[in-house]
Amino acid sequence: MKKWMSILLLCTLVVSCLGVSARAEQVAAAPSDFVFDTETGEFSFTANDPGIGYYFVRVYSASSGEEAAEYTASSKRINGGRTGTVTGKVSLDSIGWGPYHIKLISSAAAGTGILSPEPVVLEAFYGVGGTLERPEAMALYGGDRVQIVLDWWTLCDYLGLNYMPQVKITFWADAECTREQYSDIISTVDLLGTLGMNPPGIEYIWGYSQIEGTGWMYETNKKEGEEAETAAEPQGPGPMMGRSGTTMAFTNDIYTYTVSEQLPAGTWYVTVQALSGDAELQDSRQSSAMEIVLTETPAAPDFSDEYSVAKTSLWKDPQQMDMPGANPFQVPERVDLPDSQETGAILR
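Please read all numbers here as calculations on a predicted model, not as lab measurements.

Draft legend 1. Region of interest: the side chain of His-101. Within the secondary structure, His-101 sits in strand E7 (residues 98-108). Within the structure, the side chain of His-101 is placed 2.8 Å from the side chain of Glu-67, a separation counted as a polar contact. With residues up to four places along the chain from it excluded, the contact list for His-101 reads Arg-58, Val-59, Tyr-60, Ala-62, Glu-67, Val-121, Leu-122 and Glu-123.

Printed below as a string of structure tokens:
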């Protein structure tokens, strides 16, 4: 008799545990009818489960092909515990161009043992009908080597848009840029991994060095006719207060090409152009051409040899604070600035 009672008690406990497990795996009902106005940021949805503790509507950039880890914009916390229509608004001031994920996130109330449902996701695109800003660049060349440096202000403007495009670097055989000799497409998204900020975060630094041998040393913000700086620079990225410029080598946003079968010695005209990866955005205009000369003479591996400089028409050196840097949308003399264009936004 006691044996049967023990078995019955054990079965009761197993059934009870299974019931708890089943309840613990219960998922709250997801909201429905999610509507988002891409122009105003206003939204509405239907709450279907009073077991939801709160909601957020958040906007994430997806311009690099993957959803960003941090949201770009967010609603205030929306209290749950009810059903019916819910409305609210997200400020779109920080939204740039390109694809975004608009997510309605539901969080089940704490202590209920109920799981949160998957977010409801809408796909949006901002900047529809826009043209990417024309990039600017500088060429440092000597012997059989040329290095193309992307303008820091250009890169900052792309960063401010949350849209880092590919850039096509083209070598032309003629000044009219009708006969292409060689081209290369680079990704500016890759530069984000080495992007720094000048503490306490007042300007962006795209990569430089003051150590001899890391690259051709370029003197920034040098006035026309001014003698070259002869004083020794401090080693490493130390403070440089009280000067308008510095002597440094660009390190990250710099692309090196040497004489080869594809790019023989001779005179070449180099342009840069930003390429859109989305049908809703237009490629930038092609930059003005930089005339360079490459020879068969091998360039010095330690960059101790002389070099020449060519720039696109709107190149601007990094500004000098305690370190060289740049910020978004600070140079009005640019072609196709985003603020000068009328663009739209759509849900895909």
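Draft legend 2. Quick look at the nonpolar core. In terms of nonpolar packing, the biggest core is built from 52 residues, with Val-146, Ile-148, Ile-169, Phe-171, Phe-250, Tyr-257 and Ile-292 touching the most fellow members. Secondary-structure elements contributing two or more residues to this core are strand E9 (137-142), strand E10 (145-150), helix H2 (152-160), strand E11 (166-172), strand E17 (247-250), strand E18 (254-258), strand E19 (266-275) and strand E20 (290-294). Of all the elements, H2 adds the most residues to this core, at six residues. The contacts of Tyr-257, once residues within four sequence positions are left out, are Asp-144, Arg-145, Val-146, Ile-148, Ile-169, Phe-171, Tyr-182, Asp-184, Ile-186 and Leu-263. Formed by 23 residues, the second largest nonpolar core is a distinct cluster that contains Phe-34, Phe-36, Tyr-55 and Ala-73.

Draft legend 3. How the structure looks around H2. Of all nine residues in H2, eight are buried, a share of seventy percent or more. Within H2, burial applies to Trp-152, Trp-153, Thr-154, Leu-155, Cys-156, Asp-157, Tyr-158 and Leu-159. The backbone nitrogen of Trp-153 has a side-chain oxygen 2.7 Å away, supplied by the residue at the start of H2, namely Asp-151.

Draft legend 4. Local environment of the side chain of Thr-271. Looking at the secondary structure, you find Thr-271 in strand E19. Under the relative-accessibility criterion, Thr-271 is labelled buried at 1%. A polar contact is formed between the side chain of Thr-271 and the side chain of Trp-172, at a distance of 2.9 Å. Residues in contact with Thr-271, not counting those within four places in the same chain, are Lys-168, Ile-169, Thr-170, Trp-172, Cys-177, Gln-286, Ser-287, Ser-288 and Ala-289.

Draft legend 5. Region of interest: the environment of Val-59. By the secondary structure assignment, Val-59 is in strand E3 (residues 52-61). Setting aside residues up to four positions removed in sequence, Val-59 forms contacts with Tyr-71, Thr-72, Ala-73, Val-90, Ile-95, Tyr-100, His-101 and Ile-102.

Draft legend 6. Molecular detail of the packing of aromatic side chains. Scanning the entire structure with this criterion turns up 13 aromatic pairs. Where Tyr-100 meets Tyr-126, the ring centres are 5.7 Å apart and the plane angle is 90 degrees; that geometry is what we call edge-to-face. Of this pair, Tyr-100 sits in strand E7 while Tyr-126 sits in strand E8 (residues 120-128), placing them 26 residues apart in sequence. The pair Tyr-100 / Tyr-126 is uniform in exposure class, with both members buried. Taking the centre distance of 6.2 Å and the plane angle of 75 degrees together, the rings of Phe-250 and Trp-315 count as edge-to-face. With Phe-250 in strand E17 and Trp-315 in the loop between strand E21 (308-311) and strand E22 (319-320), this pair connects stretches of sequence that are 65 residues apart.

Draft legend 7. How the structure looks around the pairing of E9. Within E9, six of the six residues are buried, leaving the element largely enclosed by the surrounding structure. Across the two faces of E9 the burial is the same, with Ala-137, Ala-139 and Tyr-141 and Met-138, Leu-140 and Gly-142 all buried. Across six bridges, the pairing between E9 and E10 is antiparallel. What sits directly across from Met-138, in E10, is Val-149. As consecutive antiparallel partners, E9 and E10 are separated by two residues, and within that stretch Gly-143 has a phi angle of approximately 60 degrees, a positive value. Both E9 and E21 contribute to a ladder of four bridges, which runs antiparallel.

Procedures and definitions
- Residues numbered from 1 in each chain as written.
- Predicted model: local features only at pLDDT ≥ 70, side-chain atom pairs only at ≥ 80, totals over all residues.
- Heavy atoms only, no water.
- Helix = DSSP H or I, 4+ residues; strand = E, 2+ residues; numbered from the N terminus.
- Polar contact = N/O pair within 3.5 Å; in protein donor to acceptor, adjacent residues only side chain to side chain.
- Contact = heavy atoms within 4.5 Å.
- Core = buried A, V, L, I, M, F, W, Y, C linked by side-chain atoms within 4.5 Å.
- Buried < 20%, exposed > 50% of the residue type's maximum accessible area, 1.4 Å probe, protein only.
- Phe/Tyr/Trp six-rings, centres within 6.5 Å; stacked < 30°, edge-to-face > 60°.
- Pairing = 2+ DSSP bridges.

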